[in-house]
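Residues per chain, in single letters:
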Amino acid sequence: MDRSGFLVEMKNINKWFGGVCALKNVNFSVGYDEIVGLLGDNGAGKSTLIKILSGFYPPDEGSIFFEGKEQHFTSPRDARNLGIETIYQEAAMIPKMSILRNIFVGRELNKVNLGVVRYLDIPRMEVESTRALDGVDLRLRSPHALVDELSGGQRQGVAIARAMYFKSKLVILDEPTNNLSVKESAKVLQFIRDLKSLGISSIFISHNLYHVYPVADRIVVLSHGSKIGDFKKEETSIEEITKLMVLP
Amino acid sequence: MQNNILNRVKRILILREISSFIMVFVVILVFFIISPLFLSKENIGVILEIIPELGIVALGVTMLLVSGEIDLSLGSVFCFCPIILASLIEKGMSFPLSFIISLLLGIGIGYINGFITITFAIPSFITTLGTMLVWRGGVLLLTGGWPPFFPSGIPTWFLVGSVGILRMSLFWYAGLTVLMWFILERTDFGNWMFSTGGNPVAARAMGVDTGRVKMACFMICSLLAGFAGIIQSFRLEATLPSMGTGLEMDAIAASVIGGTSLAGGMGTVIGTTIGSFVIRFIDNGLVMARAPSYWFRVFIGIVTIFAVIFNTYLRERTKRFRC
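Residues numbered from 1 in each chain as written. Chains lettered and ligands numbered in written order. Predicted model: local features only at pLDDT ≥ 70, side-chain atom pairs only at ≥ 80, totals over all residues.

1. Digging into the overall build of chain B
The secondary structure content of chain B amounts to 14 helices and 2 strands. The principal-axis extents of the C-alpha atoms in chain B amount to approximately 70 × 55 × 30 Å. Among the 323 residues that make up chain B, the fraction classed as buried is 47%. Taking as baseline every contact in chain B between residues at least 6 positions apart, the subset at least 24 positions apart corresponds to 77%. (Helix = DSSP H or I, 4+ residues; strand = E, 2+ residues; numbered from the N terminus. Buried ≥ 20, exposed ≤ 12 C-beta atoms within 10 Å, placed from the backbone. Contact = placed C-beta atoms within 7 Å.)

See below:
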């Protein structure tokens, strides 16, 4: 397969909410095996852009290409089926459910599938979830433990293990290092590097440049719904981006 | 060796139903001490005769609570379905047809609850508070407040016929318990229910159609309430317009005693079944203890609050055990 082009290309994306313009002619792309840092202050349009890419709502104008083909997502499920996995801050996991059930929710493995009645294949899900968790080097007591008992970093790990297991092509991480200790943040950054080494691209959304900079290959800055910067990491510096971000 | 035993104790302590197990044991013990006749064969027969009516309703409530919604109208549905069944038969319709129509009516009422709640995005507490009054009012309008004539010669045996000291209804209850357990714990749909109640945003992001899941749970809940109402009317051979008044509270209490969370995403069928037994035991035990029956609600109230405190405490405790 040709991996020289872009995995994702979003062209001239416009989005209004009521009379408010949330995104203005934004062009955004992610290459193969690339980690893109998406930076911007609150309300810059990061979430809107990502929600369009993950199928939550369509753009008012503009087009989305995935692996070179134009896509029109009607639901998050469409995006997921293509291999776009989004890990939201608070909404990635269901705390009162076990790790195993969290990994497979919406994509359960069945022993018997009669359409209406779908009998869960719990033993197989046990084996597979353990394997998935080993993939990110998470040493958890048991896949039956509740997600509630995990730390923030471990939860991110489970979500990333899930993305790896289902052979996602693009993982979108929404503020994955928020509210994490320094040690845990470092662990999450390692997960993102692991994704890259498996050939999975990722978009790392944050307003903290110092978390994004060490891992990102490219950094995109949004402000007030427009793209104001798009740099390869070699061609920029923390100082330059900081200056850009604090501009009014 | 010692470690092994400790592990086993831990495994029992982290069982989600542990607090309701302890509670039912205490209730049985207390009433047995007050009156040893509490555990006589005859008395157990009496309890088992009436448990299915509350128990089946509580199963439905649990399914709905797990998916994050509540139904206050089921006491009214519990009455409305058998009243319609009796009236249809009175109008000359055949029994099987009227039986099926009244159950479909139960499903339809659940659909209406779900449709209003989901389409207008209002709390189901409000929706079903409204429909509770609507269906109870409907019953009074249809009957004028008088119990309608209970049709004779209908085959009530398949729901309430005697089998030894037991009744058929107990077997229906057992069957439905197993069925609901299976749905909740062993199917995709059960997984979607937990996720819908536990974190609807995440569930939607994972591709679960939370609206449809809730809708199905509303329908299951109403259907079971209507079915249980028909069982009671068959047992009493009467359809009283006051049937099921306050039942929604007992059913929710049974579910909560069994460890179901009103916030959604948490609950078990086994716990709920134990909760129903706790309520029936208290009801019956107070009679055996010759306490005035007014004490019933007082005790259920206290036990419900105590159960939730106990559940929360145990959950925090076991969390520490695990780490």
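That was the structure; now back to the text.
2. Focus: unusual backbone geometry
All names here are of chain A. Phi at Asp33 is positive, roughly 50°, even though this residue is not glycine. With respect to the helices, strands and loops of the structure, Asp33 is situated in the loop between strand S2 (20–31) and strand S3 (35–39). Here Asp33 falls in the partly exposed class, since 16 other C-beta atoms lie within 10 Å of it. Backbone geometry places Glu67, a non-glycine residue, at a positive phi of 50°. For Glu67, the position within the fold is in the loop between strand S4 (61–66) and strand S5 (69–71).

3. What to know about the packing of helix H4 (residues 122–135) of chain A against helix H5 (residues 152–165) of chain A
Residue and element names in this part refer to chain A. As a packed pair, H4 and H5 sit with axes 8 Å apart at the nearest point and diverge in direction by 110°. In terms of axis orientation, H4 runs roughly perpendicular to H5. Contact with H4, carried on its side by Glu128, Ala132, Leu133 and Gly135, involves Val158, Ala161, Arg162, Met164 and Tyr165 of H5 and no other residues of that element. Taken together, the residues that form the contact of H4 with H5 break down as 6 nonpolar, 1 polar and 2 charged. (Axes fitted to C-alpha atoms, helices over the stretch in contact; angles between N-to-C directions. Parallel < 35°, antiparallel > 145°, perpendicular 65-115°, else oblique. Nonpolar A, V, L, I, M, F, W, Y, C, P; charged D, E, K, R; others polar.)

4. Digging into the nonpolar core
Judged by nonpolar contacts, the single largest core of 146 residues is most densely connected at Phe204 of chain A together with Val57, Met63, Cys221, Leu224 and Val278 of chain B. Ignoring any residue separated from it by four or fewer positions in sequence, one finds Leu224 of chain B in contact with Ile56, Val57, Leu59 and Gly60 of chain B. (Core = buried A, V, L, I, M, F, W, Y, C linked by C-beta atoms within 7 Å.)

5. Let's talk about the interface of chain B and chain A
Between chain B and chain A, the contact holds 20 residues from the first and 24 residues from the second. Listing elements by their share of the side of chain B that touches chain A, those giving two or more residues are helix H9 (188–198), helix H10 (200–205) and helix H14 (295–322) of chain B.

6. Comments concerning the packing of H9 of chain B against helix H11 (residues 210–236) of chain B
All names here are of chain B. Between H9 and H11, whose axes approach to 10 Å, the crossing angle comes to 105°. Here H9 lies roughly perpendicular to H11, going by the angle between them. Of the residues in H11, those in contact with Trp192, Met193 and Thr196 of H9 are Thr210, Val213, Lys214 and Cys217. Per-class residue counts for the contact of H9 with H11 are 4 nonpolar, 2 polar and 1 charged.

7. Some points on H4 of chain A
Residue and element names in this part refer to chain A. For H4, with 14 residues, the first-to-last C-alpha span of 20 Å sits near the 20 Å given by 1.5 Å per residue. For H4, the full list of buried residues reads Met125, Ser129, Ala132 and Leu133. For H4, the angular spread of buried residues about the axis comes to 95°, placing them on one side. Facing away from the buried side of H4 by more than 90 degrees, the exposed set consists of Pro123, Arg131 and Asp134. Residues of H4 that are buried in the fold lie against helix H3 (99–104), strand S8 (118–120) and H5. (Expected span 1.5 Å × (residues − 1). Arc of directions from axis to C-beta.)

8. Focus: the sheet that holds S3 of chain A
All names here are of chain A. Strand order in the open sheet made by the 6 strands is S6-S9-S10-S3-S11-S12, with mixed pairing throughout. Two strands close off the open sheet at either side, each with one partner strand: strand S6 (84–87) and strand S12 (226–232). Neighbour-to-neighbour, the strand axes of the sheet open up by a mean angle of 15°, direction not taken into account. Across the sheet, helix H6 (residues 182–197) lies against S3, strand S9 (170–174) and strand S10 (201–206), angled at about 155° from S10, the strand it touches most. (Pairing = 2+ DSSP bridges.)

9. Some points on the environment of Leu150 of chain A
Residue and element names in this part refer to chain A. Checked against the element boundaries, Leu150 lands in the loop between H4 and H5. A residue is classified by how many C-beta atoms lie within 10 Å of it, and Leu150, with 20 of them, is buried. Taking the C-alpha atoms as reference points, Leu150 and Ile99, separated by 51 residues in sequence, lie 9.3 Å from one another. Residues within four places of Leu150 in sequence aside, it is in contact with Arg155 and Val158.

10. What to know about the environment of Thr187 of chain B
One can find Thr187 of chain B in the loop between helix H8 (168–186) and H9. With 19 C-beta atoms packed within 10 Å, Thr187 of chain B lands in the partly exposed category. Once you skip the residues sitting within four places of it in the chain, Thr187 of chain B turns out to touch Val117, Arg118, Tyr119 and Leu120 of chain A together with Phe182 of chain B.

11. Digging into the pairing of strand S11 (residues 218–223) of chain A
Residues and elements named next belong to chain A. Bridge analysis of S3 against S11 gives 4 bridges, and the strand direction is parallel. From the neighbouring strand, Leu39 faces S11, where its bridge partner is Val221. Where S11 lies against S12, 6 bridges are found, and the strand directions are antiparallel. Paired with Val220 across the strands is Asp230, a residue of S12. Linkage of S11 to S12, two consecutive antiparallel strands, is achieved through a turn of 2 residues, within which His224 is found at a positive phi near 45°.

12. Details of the sheet that holds S2 of chain A
All names here are of chain A. Spatially, S2-S1-S4-S5 is the arrangement adopted by the 4 strands of the open sheet, whose pairing is antiparallel. Of all strands in the sheet, those with a lone pairing partner are S2 and S5, marking the two edges. The sheet shows a mean angle of 25° between the axes of neighbouring strands, direction not considered. Note: strand S1 (residues 6–17) against S2, 8 bridges, orientation antiparallel. When the bridges of S2 are listed, Lys15 appears paired with Leu23. Together, S1, S2 and S4 form the strand contacts of helix H1 (residues 46–53), whose direction differs from that of S1 by roughly 120°.

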